[in-house]
Amino acid sequence: PPLSIRFKRIFDSFKSTNTYSFYSTSSQSSLTNEFRNRLNALKNSLPTNTLAVFPSYPTRHMSKDIPYLYYPQTDLFYLTGITSPNSVLTLFKASDAACFSVLFSPPRDYEQELWDGERLSFDDIQQQCGVDQVLSIDSKSAFEQQFQNLILSANSIIFDPRIDSNFTSRLVSTANHYNLVDKLQSSMISQFDDRSRIVDRMRMIKSSFERQKLIQSAKIMSESINETIQWCGSNAVNQYPLYERTIASKLQFESSRRGSNCMAFPSVVASGKRACTLHAIDGSSLVNPSDLVFIDTGCQVDGYCSDISRAFPASGKFTPAQRDVYQLVLEIHLKLLSKLQEWNRNMIHNSNESVHSSSDYHLDELHRYSVRLIVEGLKDLNVFSNEESVDSLMNSGQYRKYYPHAVGHYLGLDVHDTHLMSKSIPFCDGMAITVEPGIYIRSDDEYASKELRGIGLRIEDDILFDENQVRNISESAARTPDEIEALMN
């Protein structure tokens, strides 16, 4: 073909991605029922006369025709397993007995598949995802007819217009064509309305299948961290130049060869004073032998994320100041895990006694406890004056200079999973969280001793509430100073 046509085909090949399941083939057989159960649970939870719309993310390009690695919209993924762009799931509940799901998807295009690979047929999608019907998103008449009827019928519409601006424009254009823009706008539910968080509430409680994926992800990442720390120890002996980005690449390699699909986020590898920047992801610095190296990393297994943080001395041996700060953070971390175990015993007891008094056992309360421990620890390091009480330092917020983040977050398909959900929801079976206290003493700090300045770290583990147990599913990652030094030497 002419050069212009060849270039057009090349460009078009980057505009779409296969419709496929992100789960591994070995998992696929158990997933059809999983998706059907999720769709049925959503149908049961929707109010009557409610339309729920879940579009995919669009593709993003780093240059004209080079795409970024595509990351699926996790609500759509959770409900269907679909990871391709240009897909939309709709559910409309007319009554308790009538709720219908439709997935709009690109049809098969054999010329396009030459570039992208084979797509699933509509029959295959319907069978694997459990939706009631699959329609072509490329059919203007089918799209407009469906959404005209849905907008007319719905009293409430659950839809986030920020996910894909192109789809939002198409939806508004359809509404405008049928003089339904006012109806569309008046029916849409705000993202801050509790009715819009139905899927978030479902996602907070992990099924048995999901728990196994989280455990597998944490295991792979823990082993990869240990392997990487050990490798850095041998590198210290050989004295090769070592960049932060090289350590990040090693983490990715080790998790990939153990079976992860991809990294859950760009790994944070920060050496020396750069560790006081919480999310330093550029990896541009050369690691010095005297540096403490901080890593915050995680991988995905069939979409489910791990998120683990550790720190280790580039030389293979902690300096006294590095060990003091690390040991302090570790002791705080262990006290927080112990508190979760204590709360869990109380929750089991209260449940057995039919006593409902566990409403204070949640992330917000765990954070308040972590702040107290951090302030006490900073006083022990003489960063805070002993003349000021712990309560006054907590109330004044002075600790935020050294501990600016929350103690943890929910974990699942997103690293910061269900991020709009309150952190004061009581813990219960099936929840997954992180616990990650940290201390960051900037190099220009005027209160800390000179030896402590420029030291920053957090220790983060993944915690699963599973069958009346609080399980640290990332505990195999080396955590004590002695364990880390033993790995490196």
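One structure accompanies this document, and this report is about it. (Residues numbered from 1 in each chain as written. Predicted model: local features only at pLDDT ≥ 70, side-chain atom pairs only at ≥ 80, totals over all residues. Heavy atoms only, no water.)

So, on to the sheet that holds strand β10 (residues 292–297). Each strand in a sheet pairs with its neighbour through backbone hydrogen bonds, running either in the same direction (parallel) or in the opposite one (antiparallel). The strand order across the open sheet built from 3 strands is β9-β10-β13, with neighbouring strands paired in antiparallel fashion. Each edge of the open sheet is held by one strand with a lone partner, namely β9 (268–271) and β13 (308–313). Averaged over all neighbouring strand pairs, the angle between strand axes comes to 15°, with direction disregarded. Where β9 and β10 come together, 4 bridges link them in antiparallel fashion. Among the inter-strand pairings, Val269 is bridged to a residue of β10, identified as Ile295. (Pairing = 2+ DSSP bridges. Helix = DSSP H or I, 4+ residues; strand = E, 2+ residues; numbered from the N terminus. Axes fitted to C-alpha atoms, helices over the stretch in contact; angles between N-to-C directions.)

This next bit is on the packing of aromatic side chains. Applying the stated rule across the entire model yields 11 aromatic pairs. Where Phe143 meets Phe147, the ring centres are 4.7 Å apart and the plane angle is 40°; that geometry is what we call tilted. Taken together, the positions of Phe143 and Phe147, both in helix α7 (residues 140–153) and 4 residues apart, correspond to about one turn of that helix. Per residue, the accessibility class of Phe143 equals that of Phe147, and both read buried. A centroid spacing of 5.3 Å and a plane angle of 55° characterise the contact between Phe318 and Tyr326, whose relative ring orientation is tilted. Taken individually, Phe318 and Tyr326 each receive the classification buried, so the pair is uniform in this respect. In this arrangement the basic side chain of Arg245 is found over the ring face of Tyr243, its NZ or CZ atom lying 4.4 Å from the centre. Here the guanidinium or amino end of Lys339 rests over the ring plane of Tyr369, the centre of that ring lying 4.8 Å away. (Phe/Tyr/Trp six-rings, centres within 6.5 Å; stacked < 30°, edge-to-face > 60°. Buried < 20%, exposed > 50% of the residue type's maximum accessible area, 1.4 Å probe, protein only. Lys NZ or Arg CZ within 6 Å of the ring centre and 35° of its normal.)

Glancing now at the sheet that holds strand β4 (residues 88–95). Overall, mixed pairing links the 5 strands, which are arranged β6-β5-β4-β1-β7 in an open sheet. If you trace the sheet from one side to the other, it starts and ends with β6 (133–136) and β7 (156–158), each paired once. Averaged over neighbouring strand pairs, the angle between their axes works out to 20° when direction is ignored. Pairing between strand β1 (residues 50–55) and β4: 6 bridges, direction antiparallel. Bridge assignment links Thr50 to a residue of β4, and that residue is Lys93. On top of the sheet, helix α3 (residues 31–45) reaches β1, β4 and β5 (98–105); it is set at about 45° to β4, its chief contact. Running over the sheet, α7 touches β1, β4, β5 and β6 and is turned about 150° from β5. (Contact = heavy atoms within 4.5 Å.)

Next up on the list: the environment of Pro426. Relative to the elements of secondary structure, Pro426 occurs in the loop between α15 (390–396) and β14 (432–435). Accessibility expressed as a relative area gives 33% for Pro426, which makes it partly exposed. When the C-alpha positions of Pro426 and His362 are compared, they lie 4.7 Å apart, and in sequence the two are 64 residues distant.

This part covers the pairing of β5. Within β5, 6 of the 8 residues are buried, leaving the element largely enclosed by the surrounding structure. Looking at chain direction, β4 and β5 are connected through 7 bridges and run antiparallel. Bridging across to β5, Val88 finds its partner in Phe104. Hairpin connection between β4 and β5: a loop of 2 residues separates the two successive antiparallel strands. Pairing of β5 with β6 involves 4 bridges; the strand directions are parallel. Counted as the bridge partner of Ser105 is Ser136 from β6.

Next up on the list: the nonpolar core. Counting residues in each nonpolar core, the largest one holds 78 residues, and the members touching the most others are Ile247, Phe312, Leu340, Phe427, Ile433 and Leu457. Here this core takes 12 residues from helix α13 (residues 320–352), the largest share from any one element. Every residue in contact with Leu340, bar those within four places of it in the chain, is listed here: Leu366, Phe427, Ile433, Val435, Ile463, Phe465 and Val470. Membership of the second largest hydrophobic core comes to 36 residues, among which are Phe54, Ile82, Ile215 and Ala432. (Core = buried A, V, L, I, M, F, W, Y, C linked by side-chain atoms within 4.5 Å.)

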